[in-house]
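Here are the chains, one letter per residue:
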Amino acid sequence: MSAARDSTVRVGLVYPELLGTYGDRGNAVVLVQRLRWRGLDAELVEVTAGAPIPDSLDVYLFGGGEDDPQVMASAGMRASRAAIDRARAGGAAVLAVCAGFQLIGHSYAAADGTMIDGLGLVDAVTRAGPNRLIGELVVDPDPPLPILTGFENHGGRTTLGPSERPLGRVVARNGSRGEPEGLLGERLIGTYMHGPVLPRNPALADHILAWVVGDLAPLDSTREEQLRAKQLHAGSARGVRRWWQERVLARG
Amino acid sequence: MTRRSLRTSAAIGAGRVTGWLSRITGRGQGATISGRVINALAPNALAQLAAGQRVALVSATNGKTTTTRLLAAAVARTGEPVVSNATGANLTSGIAPILARARARGVAVLEVDERVVPRVVDPLGVELLVLGNLSRDQLDRYGEVHAVGDLWRHAAETHPDLRVVANASDPHVVWAATPAKTTWVALGLGWRNDAATCPNCAALLRWSADRFDCPSCGFGQPATPNRLDGDGLVLDGTRVPLRLALPGRWNLANAALAVTAAATHFGVDAHDAAEAAATITTVAGRYMTIALPDGRRARVLLAKNPAGWSEVLHHLSDRDCSVVIAVNARVADGKDPSWLWDVPYELLRGQPVAAAGERALDVAVRLRYAEVDHIVEHDALEAAAKLPGDDVNIVSSYTQFSSLYRRFR
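Residues numbered from 1 in each chain as written. Chains lettered and ligands numbered in written order. Predicted model: local features only at pLDDT ≥ 70, side-chain atom pairs only at ≥ 80, totals over all residues. Heavy atoms only, no water.

Caption draft 1: Fine view of the overall build of chain B. Within chain B one finds 15 helices and 17 strands. In terms of overall dimensions, chain B is globule-like: its C-alpha atoms have a radius of gyration of 21 Å, near the 22 Å expected for 409 residues. Dimensions of chain B, computed from the C-alpha atoms along their principal axes, are close to 60 × 60 × 40 Å. Looking at chain B as a whole, 61% of its 409 residues are labelled buried. By sequence separation, contacts in chain B at least 24 residues apart represent 67% of the contacts at least 6 residues apart. (Helix = DSSP H or I, 4+ residues; strand = E, 2+ residues; numbered from the N terminus. Rg over C-alpha atoms; globule rule 2.2 N^0.38 Å. Buried < 20%, exposed > 50% of the residue type's maximum accessible area, 1.4 Å probe, protein only. Contact = heavy atoms within 4.5 Å.)

Caption draft 2: Spotlight on the pattern of salt bridges. Going through the model one piece at a time under the given rule, you end up with 31 salt bridges over all chains. Arg200(A) is the salt-bridge partner of Glu136(A), the closest N and O atoms lying 2.5 Å from each other. Residue Glu136(A) is located in strand E7 (residues 124-141), and its partner Arg200(A) is located in helix H5 (residues 197-200); the two are separated by 64 residues in the primary sequence. Relative accessible area serves as the criterion here: at 16%, Glu136(A) is assigned to the buried category. As a salt-bridge pair, Lys64(B) and Glu114(B) come within 3.1 Å of each other at their nearest N and O atoms. With Lys64(B) in helix H4 (residues 64-75) and Glu114(B) in the loop between strand E3 (106-111) and helix H6 (117-120), this pair connects stretches of sequence that are 50 residues apart. Of the residues examined, Glu114(B) reaches a relative accessible area of 3% and is grouped as buried. (Salt bridge = Lys/Arg side-chain N within 4 Å of Asp/Glu carboxyl O.)

Caption draft 3: Molecular detail of the side chain of Asp206(A). Residue and element names in this part refer to chain A. Secondary-structure assignment places Asp206 in helix H6 (residues 202-213). With relative accessibility at 16%, the residue Asp206 sits in the buried group. Contact partners of Asp206, with chain neighbours within four places excluded, come to Arg34, Arg38 and Leu216.

Caption draft 4: Local environment of the nonpolar core. Membership of the largest hydrophobic core comes to 136 residues, with the highest contact counts inside it found for Tyr60(A), Phe62(A), Leu242(B), Ile325(B) and Tyr345(B). A per-element tally of this core places helix H10 (residues 249-266) of chain B first, with 12 residues. Counting residues in each nonpolar core, the second largest holds 48 residues, with Leu110(B), Val120(B), Leu162(B) and Ala168(B) among its members. (Core = buried A, V, L, I, M, F, W, Y, C linked by side-chain atoms within 4.5 Å.)

Caption draft 5: Up close: the environment of Ala307(B). Residue and element names in this part refer to chain B. Turning to its location among the elements, Ala307 is positioned in helix H12 (residues 306-317). Distance in space between the C-alpha atoms of Ala307 and Asp137 is 8.8 Å, their sequence separation being 170 residues. With residues up to four places along the chain from it excluded, the contact list for Ala307 reads Asn62, Ser135 and Trp191.

Caption draft 6: View of a positive patch on the surface. Positive charge collects at one region of the surface, where Arg16(B), Arg23(B), Arg101(B), Arg406(B) and Arg409(B) lie side by side. By the element assignment, Arg23(B) lies in helix H1 (residues 6-24). (Patch = residues over 30% accessible without salt bridge, like charges linked within 9 Å, V, L, I, M, F, W, Y side chains within 5 Å. Areas by Shrake-Rupley, 256 points an atom, 1.4 Å probe, with all protein chains shown as cover. Lys, Arg positive; Asp, Glu negative; His and termini not counted. Charge placed at Lys NZ, Arg CZ, Asp CG, Glu CD.)

Caption draft 7: Broad picture of the pairing of strand E1 (residues 9-14) of chain A. All names here are of chain A. Buried residues dominate E1, accounting for five of its six residues. Relative to strand E2 (residues 42-47), E1 runs parallel, the two sharing six bridges. What sits directly across from Gly12, in E2, is Val45. Judged from the four bridges that link them, E1 and strand E3 (residues 59-62) form a sheet pairing that is parallel. Within the sheet, the bridge partner assigned to Gly12 lies in E3 and is Tyr60. (Pairing = 2+ DSSP bridges.)

Caption draft 8: Layout of unusual backbone geometry. Residues Pro143(A) and Pro144(A) are joined by a peptide bond in cis, for which omega reads 10 degrees. Among the structural elements, Pro144(A) can be located in the loop between E7 and strand E8 (148-160). One non-glycine residue, Ala202(B), adopts positive backbone phi at about 75 degrees. By the element assignment, Ala202(B) lies in the loop between strand E6 (181-185) and strand E7 (206-207). At Asp236(B), a position not held by glycine, the phi torsion is positive, near 50 degrees.

Caption draft 9: Main features of the interface of chain B and chain A. Taken together, the contacts link 27 residues of chain B with 39 residues of chain A. Between chain B and chain A, the buried area comes to about 3,000 Å², and carbon and sulfur atoms account for 58% of it. The three residues of chain B that bury the most area against chain A are Trp341(B), Arg368(B) and Tyr369(B), which together make up 23% of that side's buried surface. Our count for the contact surface shared by chain B and chain A stands at one salt bridge. The shortest N-O distance in the salt bridge between Glu224(A) and Arg368(B) comes to 2.9 Å. Every element with two or more residues in the side of chain B that touches chain A is listed here: helix H7 (139-142), helix H8 (145-158) and helix H13 (360-370) of chain B. The element contributing the most residues to the side of chain B that touches chain A is H13(B), with six residues. Grouping the constituent residues of the side of chain B that touches chain A by class yields 12 nonpolar, four polar and 11 charged. (Buried area = accessible area lost by both parts, 1.4 Å probe. Nonpolar A, V, L, I, M, F, W, Y, C, P; charged D, E, K, R; others polar.)

Nothing here speaks to function; it is geometry throughout.
Structure below.
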């Protein structure tokens, strides 16, 4: 828990004008609402581009963005590095998606050779891949997290250092599977899954919230689970359907 | 006019037959398949077909079909024969059969897909480009917004004599149109979330109430006396009232752009152009009303991205009406409906709302977090029938809209 914090949980949406291309605001809305519906006070704090990132947030959301805005976001994030470190030391959580994921690593080497420096919160580097990966993505994380679904749309390929652990293994992505996806650190998640990822995976939202507020009361997520089940089927191409039946249905 | 080659004429004939087959078998409206056949059989067809036509292209993320319709109506006041792709078929395949129907000489007012613009400027001998706005849309297919702006700018740079009429309030459009001979009109920009950084130097743009500028490189909104002012267009110091039958602020912007183009490029009297625009009541099915089983009527609107939805929402949340949100995520819609989270659906709290379409569950989850009470009914018409009142609006993504249009036009 952050020091000297009142009971209101502050969910920070960092640079929504720069890192908000793929409905990333939705992740912040979901975290705030899932706290409020449980009777906890929560507040969505927008950190507008150009402003310093404060150390008083409980969750830091870094979203997806286009190339030029990503360069601007990188500069602002690095300038606020000390504040983010203080908040992290005080127990704040991080969800970094797509461009945001790339920016919490050491660096991103763009296709034109430009090198964008990241925060280096995690041991990861990204370089532009040969093509964009676009489509539904299904990821199998370690328990207790359930199978996750999202939509990816990016050209970067992120490689984790030996001490880092991926969020999960890809179950289905345009035909390929098995490779690691994302990053699961201490009170930190990096991923390429949009959707946005939290409304499509309420268990992941609660996983992050539990880092911040501890045990959570149960919350009806029937509608979100219906959506998740539908997109699991949609994302699981024919080749993995049998795998899905054997493994995913068994796990529930 | 250049004589059509035998090959082009044969291709047009074959195109007509396939278009007719497509229509009678109920597979489509026939324009696109017919054009594909023409372009495949005679790759030079576009250039031959456009000879003799004064070609104006209209492109934008939102409003291109409507602006095209309004511009075509205004240009018709000159008495020249006008052809236009009124069905919204806006790829090269949609354009070819329209031109094949044109008289020997006349004006072609053509809507084109944003990415197609640079490919057709030369073959069509385009003399006027009308550019409305650029914002996020189908990111899985179009890629990033600034990439489309760069494409347009390249077309302007390589055609310095091209005349352009463009929206001075959209940084991406200004960036694209600056190298050309451009007449600006400030239409305002409701959605700014894709225009945070300077298209020229990538610094943060500075926004005031209705203007932008870059504190780093000096790029900014071009000065122009032409602007949309409430429900009127101020053009060269004269206020032209826009008394539209079409709803919403966004259609006033479309009309202001069309009237500016008609007046400054085609010499139509601005008041005549505005009158012509006022006669338009539906545009390729947009704003048409359809009968519900119980005799009530529902109005159909198209909204396919957050910029479009934001405009429509302000229009619908002003009054106590019922709203069906009908969303698909097929190729033509964009396969990623994450944009639903960019739209302030919270504005609909207290109104009767239904989540519909193939992605009704995505809509329902979005509405749940917006705390908007709603029903879930996959079929848009059945959803509309379940909502109360005589002011029922079905706001549809592209493929939802086109299937309704096919059934009810």
